[in-house]
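# Coordinates in review
As a plain string of letters, each chain reads:
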Amino acid sequence: MKKTLLSLAILFCAVLTVKAQDDDLLPRFSAGFGVGVTTGPQHSGFPAAGSLGLKGEYPIAGSSVCITASVAYQFYVSKDGYNYSYNSTYGDNTTGSIASFVPVMAGARVYVNKLFFEGDVGASFNLNSGKSYTAQKVAPILSPSIGYGFRFGSSQKIGLDLSLSYETRLEKTQTPSDLTVVSPYISGYGSYNMIAFHVAFSLGL
């Protein structure tokens, strides 16, 4: 966690020393998705990850900085994938597993022309039943990212943001006291981390 916070601090200090282009920034609302790979303690059981999210962006007057607020549905897919089927005779049937979370975050985005650097912090809410995937119903989450914002039209209101992020749901690594209640895809509790590529469609307000 200390390394992540230090990286965020260095990132923002470096970016704030760069003079941004004098383009007017608009308040923006965006919706998008992310696809990624899992790193850290849950990588072997849940190697693939993704997200669907909404974000609001509000510029600070006279600067290249925007305040951000976001909410998303974040998921980690088991190594066997996930499949759901229903049979009128046997009922529901599922194979594989998905660990699901809802991160709610706030942060700042700094533009250097159309290139942007962003750092977000917040809380990640566990959507899974009981303690099958995590020991914490709510855990802190951090997400530094870098990306590029394409703007279209004379008004520049239509946008497409492409970015690469590192997202970590922080949790202490520990062995569950009762192995019968946990998913067979985890060997113990710990952080859920992903490196993800994000695509977001935005509209200036």
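See above for the structure.
Remember, predicted model here, so these are calculated numbers, not experimental data.

Another point: the overall build of the protein. From N to C terminus, the protein includes one helix and eight strands. Shown N-terminal to C-terminal, the secondary structure of the protein runs as helices and strands in the order α-β-β-β-β-β-β-β-β. Within the protein, the proportion of its 205 residues that are buried is 44%. Nonlocal contacts in the protein, meaning residues at least 24 apart in sequence, comprise 65% of its contacts between residues at least 6 apart. Summing over all exposed atoms, the protein offers an accessible surface of approximately 10,900 Å²; the carbon and sulfur share of this is 65%.

This brings us to the nonpolar core. Counting residues in each nonpolar core, the largest one holds 13 residues, and the members touching the most others are Phe46, Tyr76, Ala99, Ile186 and Tyr192. Looking at this core, the elements with two or more residues in it are β4 (91-112) and β8 (192-204). Sorting elements by how many residues they give to this core places β8 first, with three residues. Look past the residues within four positions of Ala99 in its chain and what remains in contact with it is Phe46, Gln74, Phe75, Tyr76, Asn128, Tyr133 and Tyr192.

The next subject is the pattern of salt bridges. The tally for this structure, following the rule as stated, stands at six salt bridges. Notably, a salt bridge pairs Glu118 with Lys55, separated by 2.6 Å at the nearest N-O pair. Taken together, the residues span a long stretch of sequence, with Glu118 in strand β5 (residues 115-126) and Lys55 in strand β2 (residues 48-59) at a distance of 63 residues. Residues Glu118 and Lys55 agree in their burial class; the two are buried. Among the salt bridges present, the one from Arg151 reaches Asp161, with a minimum N-O distance of 2.8 Å. With Arg151 in strand β6 (residues 138-152) and Asp161 in strand β7 (residues 158-169), this residue pair connects regions lying 10 residues apart in the sequence.

Okay, the packing of aromatic side chains next. A complete count under the given rule lists nine aromatic pairs for this structure. An aromatic cluster is defined as three or more aromatic residues linked by ring pairs; in this entry it consists of Phe46, Tyr76, Phe101, Tyr133, Tyr185 and Tyr192.

Cut-offs and rules
Residues numbered from 1 in each chain as written. Predicted model: local features only at pLDDT ≥ 70, side-chain atom pairs only at ≥ 80, totals over all residues. Heavy atoms only, no water. Helix = DSSP H or I, 4+ residues; strand = E, 2+ residues; numbered from the N terminus. Buried < 20%, exposed > 50% of the residue type's maximum accessible area, 1.4 Å probe, protein only. Contact = heavy atoms within 4.5 Å. Areas by Shrake-Rupley, 256 points an atom, 1.4 Å probe, with all protein chains shown as cover. Core = buried A, V, L, I, M, F, W, Y, C linked by side-chain atoms within 4.5 Å. Salt bridge = Lys/Arg side-chain N within 4 Å of Asp/Glu carboxyl O. Phe/Tyr/Trp six-rings, centres within 6.5 Å; stacked < 30°, edge-to-face > 60°.

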